[in-house]
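A structural walkthrough
Chain by chain, the residues run as shown.
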Amino acid sequence: MPKSKRDRPVTLSKTKKKGRGQKEWQVNSIRGAIDSYSSVYVFSFENMRNLKFKEFFLGSNKVMQIASGRSAADEIRPGIPFTWKHLFLTSLPREEVQKIFNAFEETDFARTGSKATEKVELKEGPLTEFTHEMEPFLRKQGMPVRLNKGVVELVSNFVVCDEGKPLSPEASRILRLLGIKMATFRLHLICRWNEDDFELLAKGLDEDSDVETS
């Protein structure tokens, strides 16, 4: 009996030697997971960080296409979405998956270029949260500071950022020092596939929506 498409190991012969083994492992792992779980979800994200997802597959479009099949002729299961690069494979009921995705939210420090979610202004006077060794660094970030008897002091009010405006590199660094997090990591379900049907779960989201927003 001939082997099914999903059982055939894939060799990335056109891939550069560096990283080829990792990509081949990823392709074959995805194929094995597709065979093990009943549903495949495509998702996008906002403000991705270096988080580890045990049940997620993230990779380049090319790797994902090779794993699931570049076309209907070589897809490992009929109708599986093969043009996306962020997949969640599971046998959980759809309602439970949606509940997990809707509830998942994690805050982090915003990166340069992100829009500030609030105005942050520091008032004139001592900045007790900073040690005296940090005074030169703070001045390099544009803050009007000086040392007064070993205490970092702001000589005038200073606006770190304005709500709705992009963060400068300096503002991003200062917010991190202040412990102020303005980025929220969220996941968005786009569609669901199983052997019985294909369901679109979100309208207005396309393949570009999974690009990091900060």
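Every chain begins its residue count from 1, and numbering advances along the sequence as written. Restriction of local features to residues with pLDDT of at least 70 applies here, the model being predicted, together with a cutoff of 80 or more for giving and counting side-chain atom pairs; totals for whole chains, interfaces and linings are based on all residues. Hydrogen atoms and water are omitted, and side-chain values are computed over all heavy atoms in the structure.

Attention shifts here to the overall build of the chain. Each helix corresponds to a stretch of at least 4 residues labelled H or I by DSSP, and each strand to a stretch of at least 2 residues labelled E; elements are numbered beginning at the N terminus. The helix and strand tally for the chain stands at five helices and eleven strands. Expressed as a percentage of its 214 residues, the buried residues of the chain come to 38%. As displayed, the chain offers around 12900 Å² of accessible surface, 50% of which is attributable to carbon and sulfur atoms. Think of it in three bands: with a 1.4 Å probe and only protein chains considered, a residue is buried below 20% of the maximum accessible area for its type, exposed above 50%, and partly exposed in between. Each accessible area is a Shrake-Rupley estimate made with a 1.4 Å probe; only the visible protein chains count as cover when residues are assessed.

Attention now moves to the pattern of salt bridges. Any Lys or Arg side-chain nitrogen located within 4 Å of an Asp or Glu carboxyl oxygen qualifies as a salt bridge. A complete count under the given rule lists nine salt bridges for this structure. The partner of glutamate 199 in a salt bridge is arginine 94, with the nearest N and O atoms 2.4 Å apart. Taken as a pair, glutamate 199 in strand β11 (residues 198-200) and arginine 94 in helix α3 (residues 94-103) lie far apart in primary sequence, 105 residues in all. Among the residues examined, arginine 94 registers a relative accessible area of 28% and is labelled partly exposed. With a closest N to O distance of 3.6 Å, aspartate 197 and arginine 192 form a salt bridge. Residue aspartate 197 is classed as partly exposed on the basis of its relative accessible area of 35%. Shared partners join several salt bridges into a network, and the residues in it are Arg94, Glu95, Arg192, Asp197 and Glu199.

What follows concerns the confidence of the model for the chain. Note on scores: pLDDT gives the predictor's confidence for each residue, bounded by 0 and 100. Predicted confidence across the chain gives a mean pLDDT of 75, with 64% of residues reaching 70 or more. The contact definition used throughout considers only heavy atoms, calling two residues in contact when any of these lie within 4.5 Å. Scored below 50 in pLDDT, residues 206-214 makes 23 contacts in the model with residues more than four places away or belonging to other chains.

Ring pairs shown here join Phe, Tyr and Trp side chains whose ring centres sit within 6.5 Å, with only the six-membered ring taken for Trp; geometry is labelled stacked below 30 degrees between planes, edge-to-face above 60, and tilted in between. Per the stated rule, a full pass over the model turns up four aromatic pairs. Seen in terms of ring centroids, phenylalanine 88 and phenylalanine 101 are 5.3 Å apart; in terms of plane orientation they differ by 65 degrees. Their pairing is edge-to-face. Within this pair, whereas phenylalanine 88 is found in strand β3 (residues 86-90), its partner phenylalanine 101 is found in helix α3, the two being separated by 13 residues in sequence. One exposure class covers both phenylalanine 88 and phenylalanine 101, and it is buried. Summarising the aromatic geometry, the rings of phenylalanine 104 and phenylalanine 185 are spaced 5.6 Å apart at their centres and angled 90 degrees between planes, so their arrangement reads as edge-to-face.

With that out of the way, let us pick up the nonpolar core. Put simply, buried Ala, Val, Leu, Ile, Met, Phe, Trp, Tyr and Cys residues joined by side-chain atoms within 4.5 Å make one nonpolar core. Among the nonpolar cores identified, the biggest contains 20 residues, and Met143 and Val160 are the most heavily contacted of them. Secondary-structure elements contributing two or more residues to this core are β5 (120-122), β8 (151-154), β9 (158-161) and α5 (169-178). If you look at the next biggest cluster of nonpolar residues, it comprises ten residues, including Val40, Leu87, Leu89 and Cys191.

Our focus in this paragraph is the side chain of serine 39. When you line up the elements, serine 39 lands in strand β1 (residues 39-46). The exposure class of serine 39 is buried, given its relative accessible area of 6%. The residues touching serine 39, leaving out its near neighbours within four places in the chain, are Phe88, Leu89, Thr90, Arg192, Trp193 and Asn194.

For the rest of this paragraph, the subject is unusual backbone geometry. A positive phi is found at lysine 149, a non-glycine position, where the angle reads about 55 degrees. Among the structural elements, lysine 149 can be located in the loop between β7 (145-148) and β8.

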